[in-house]
Amino acid sequence: MSDSLNIRIGQGFDVHAFGDGDHVMLGGVRVPHDRGVLAHSDGDVVLHALCDAMLGALALGDIGRHFPPSDDRWKGADSRAFVRHCDALIGERGWRVGNVDVTVICERPKVGPYADAMRACVAQDLRLDLDAVSIKATTTEKLGFTGRGEGIAAQAVVLLVRA
């Protein structure tokens, strides 16, 4: 029955603890910050959540299955390559991304000044119009690990349509 549907929806979530560093990667953009993230790749929570949403929409597992942290090939890797790989997997199965909506969850760094650049990176990698990519941020009102400034998280939703 699901083969007759012309759309699929996927959701993703990612989190990384803060560590030493002077920036975080968000949506393919280097965002200055007084901390970095602890991660095997570049730790881009926006793109990792997006990949999980894309893979989930077609029941293809999660980002860890495709890019395991135990594989040294992905050490320090640019997460934009992960997004392009996931997009290729989707295309091979006759689908394409229709639109993307991502929420970054953190107290700091401020996402707003970089959101348009992030949207442009995602739109470019997925060959989408800019108005098909939403990236926004929220805080947890100083509650939980993100509220205490211990880390950063992102959640993503993606709509796939038949190509």
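Residues numbered from 1 in each chain as written. Predicted model: local features only at pLDDT ≥ 70, side-chain atom pairs only at ≥ 80, totals over all residues. Heavy atoms only, no water.

**Notes on the packing of aromatic side chains**
Threshold: When the centres of two rings from Phe, Tyr and Trp lie within 6.5 Å, Trp using its six-membered ring, the rings pair. Their planes under 30 degrees apart give stacked, over 60 give edge-to-face, and anything left gives tilted. Numbering of helices and strands runs from the N terminus; a helix is a DSSP stretch of H or I covering at least four residues, while a strand is a stretch of E covering at least two. A 1.4 Å probe rolled over the protein chains alone gives each residue an accessible area, and that area as a share of the maximum for its type sets the label: buried under 20%, exposed over 50%, partly exposed in between.
Under the definition given, this model contains three aromatic pairs. Between Phe-67 and Phe-82, the ring centres sit 4.0 Å apart and the planes meet at 20 degrees, which makes this aromatic pair stacked. With Phe-67 in the loop between α2 (63–66) and α3 (79–92) and Phe-82 in helix α3, the pair connects residues that are 15 residues apart, well separated along the chain. Take Phe-67: its relative accessible area is 8%, and that puts it in the buried class. Owing to a relative accessible area of 3%, Phe-82 belongs among the buried residues under this scheme. On the numbers, 5.7 Å between centres and 85 degrees between planes, the contact of Trp-74 with Phe-82 is edge-to-face.

**Regarding the UniProt feature "binding site: a divalent metal cation" (unreviewed entry) in the chain**
Operational definition: UniProt positions are given in the numbering used here, feature names are shortened, and annotations may be inferred rather than shown by experiment. The contact criterion used throughout is that any non-hydrogen atoms of two residues lie within 4.5 Å.
UniProt tags Asp-14, His-16 and His-48 as "binding site: a divalent metal cation" (unreviewed entry). The greatest C-alpha distance among the annotated residues, which extend across 35 residues, is 10.2 Å, indicating that they converge on a single site. By the secondary structure assignment, Asp-14 is in strand β1 (residues 7–19). Excluding anything up to four places from it in sequence, Asp-14 contacts Asp-44, Val-45, His-48, Ala-49, Ile-152, Ala-153 and Ala-154.

**A look at the environment of Ile-152**
Considering the arrangement of structural elements, one finds Ile-152 in strand β7 (residues 151–162). Take Ile-152: its relative accessible area is 1%, and that puts it in the buried class. On a C-alpha basis, the gap between Ile-152 and Met-118 in space is 16 Å, while along the polypeptide they are 34 residues apart.

**Thoughts on the nonpolar core**
Under the convention used in this document: We define a nonpolar core as any set of buried Ala, Val, Leu, Ile, Met, Phe, Trp, Tyr and Cys residues linked to one another through side-chain atoms lying within 4.5 Å.
With 48 residues, the main nonpolar core has Leu-26, Met-54, Val-97 and Leu-126 as its most contacted residues. Looking at this core, the elements that each hand over two or more residues are β2 (23–26), β3 (29–32), α1 (45–57), α3, β5 (95–105), α4 (115–126), β6 (133–138) and β7. In contact with Met-54, other than residues within four places in its own chain, are Val-83, Cys-86, Asp-87, Ile-90, Val-97, Leu-126, Val-158 and Leu-160.

**Topic: the side chain of Thr-103**
Using the following cut-off: Pairs of N or O atoms are called polar contacts if they sit within 3.5 Å, as long as, within protein, a hydrogen donor faces a hydrogen acceptor (for residues adjacent in sequence, only side-chain-to-side-chain pairs).
Tracing the backbone shows Thr-103 in strand β5. Separated by 3.0 Å, the side chains of Thr-103 and Lys-136 make a polar contact. Those residues in contact with Thr-103, other than ones at most four positions away along the chain, are Lys-136, Ala-137, Thr-138, Ala-153, Ala-154 and Gln-155.

**Here we look at the pattern of salt bridges**
Stated formally: Each reported salt bridge corresponds to a side-chain nitrogen of Lys or Arg within 4 Å of a carboxyl oxygen of Asp or Glu.
Enumeration according to the criterion identifies 10 salt bridges in this entry. Its salt-bridge partner being Lys-136, residue Asp-101 comes within 2.4 Å of it at the nearest N-O pair. One end of the pair, Asp-101, is in strand β5; the other, Lys-136, is in strand β6, and 35 residues separate them in sequence. Under the relative-accessibility criterion, Asp-101 is labelled partly exposed at 29%. We note a salt bridge from Glu-150 to Arg-148, for which the minimum N-O separation is 2.7 Å. Relative accessible area serves as the criterion here: at 54%, Arg-148 is assigned to the exposed category.

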